[in-house]
Amino acid sequence: MPVFCKKSELVFKPTVTADQFGTGLGLIKSDISNNIQRLRDRFLTNPIQFQLLFSIIDEEVSRNDHTHGKSCTKGLLWLKRAMEFMMAIMEKLLDDPNAALSDVVYEKYYATLNKWHGMLASSAFNVAYWFVPSRQTFMNKVAGGDNPQALEQMRQFVNSFSPLLAEVHESLDKRGLDDPTKV
């Protein structure tokens, strides 16, 4: 369950998991899960102090403990990026009912995550890409096929979740924490 900021409150919200994009994107699923757990663990150390998501980040910054790869700040940044990738895929699938999932994943990877990935991470994606399931398999998992009601719920999810990602992006950017370093 990803952790996101809604009106500056800590919110745990269930989402489509990366494993529904196929076994090849298991690294993304693992990264998302680890980043969520990192934020959740920090929140649980002091739920009153950390009731606002960015209080965790601000506290890390005040201790100058936000720049290493295991910080909650980096975890939130990569969680946001991974979720932007997943949301872009779902949005494209909803907007273009004829698009092949593999084509959409490839296009949206290069539009979202690739700019943050070095040669090793990009190479890993190129291998994982070959294990993306068919559009039909994916849509059956996330929306029960081409069920109009389920597709509308998926669209509502994309429409409601995207502003949360934008809020997280804006908050990181405002604090100068949208790190351009490649991995």
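Reference entry: report on the structure contained in this document. Given the structure is predicted, the values throughout are model-derived calculations rather than measurements.

Of the regular secondary structure elements, the chain holds seven helices and two strands. Along its sequence from the N terminus, the chain presents helices and strands in the succession β-β-α-α-α-α-α-α-α. Within the chain, the proportion of its 183 residues that are buried is 46%. Restricting the contact set of the chain to residue pairs at least 6 apart, pairs at least 24 apart contribute 69%. Accessible surface, the chain: about 9500 Å² in total, of which carbon and sulfur atoms supply 54%.

This paragraph deals with helix α4 (residues 101-112). When the terminal C-alpha atoms of α4 are compared, their 16 Å separation across twelve residues agrees well with the 16 Å that a helix rising 1.5 Å per residue should span. Among the residues of α4, L101, V104, V105, K108, Y109 and T112 are the ones counted as buried. Buried residues in α4, looked at end-on, bunch into an arc of 130°, giving them a common side. Among the structural elements, α3 (72-95), α5 (119-128) and α6 (135-143) are those in contact with the buried residues of α4.

A side chain with one charge may pair with a side chain of the opposite charge, provided their charged atoms come close. Within the structure shown, the criterion is met by ten salt bridges. Between R63 and E59 there is a salt bridge, with its nearest N and O atoms 2.5 Å apart. With a relative accessible area of 16%, E59 lands in the buried category. Note that D65 is salt-bridged to R63, the shortest N-O span being 3.1 Å. We classify D65 as partly exposed; its relative accessible area is 25%. Residues joined by salt bridges that share partners form a network here, namely R42, E59, R63 and D65.

On to the environment of D41, then. As for its placement among the helices and strands, D41 is situated in helix α1 (residues 26-45). In this structure, the C-alpha to C-alpha distance between D41 and C72, residues 31 residues apart in sequence, is 9.6 Å.

Glancing now at the packing of aromatic side chains. Enumeration over the complete set of coordinates arrives at nine aromatic pairs. Geometrically, the ring pair formed by F85 and Y109 is edge-to-face, given 6.3 Å between the ring centres and 85° between the ring planes. Here F85, found in helix α3, pairs with Y109, found in helix α4; they are 24 residues apart in sequence, far enough to count as distant. Given the relative accessible area of 1%, Y109 is considered buried. Linked through ring pairs, F85, Y106, Y109, Y110, F125, Y129 and W130 together constitute an aromatic cluster. A cation sits over an aromatic face here: R81 above W78, 4.7 Å from the ring centre.

Cut-offs used in this document
- Residues numbered from 1 in each chain as written.
- Predicted model: local features only at pLDDT ≥ 70, side-chain atom pairs only at ≥ 80, totals over all residues.
- Heavy atoms only, no water.
- Helix = DSSP H or I, 4+ residues; strand = E, 2+ residues; numbered from the N terminus.
- Buried < 20%, exposed > 50% of the residue type's maximum accessible area, 1.4 Å probe, protein only.
- Contact = heavy atoms within 4.5 Å.
- Areas by Shrake-Rupley, 256 points an atom, 1.4 Å probe, with all protein chains shown as cover.
- Expected span 1.5 Å × (residues − 1).
- Arc of directions from axis to C-beta.
- Salt bridge = Lys/Arg side-chain N within 4 Å of Asp/Glu carboxyl O.
- Phe/Tyr/Trp six-rings, centres within 6.5 Å; stacked < 30°, edge-to-face > 60°.
- Lys NZ or Arg CZ within 6 Å of the ring centre and 35° of its normal.

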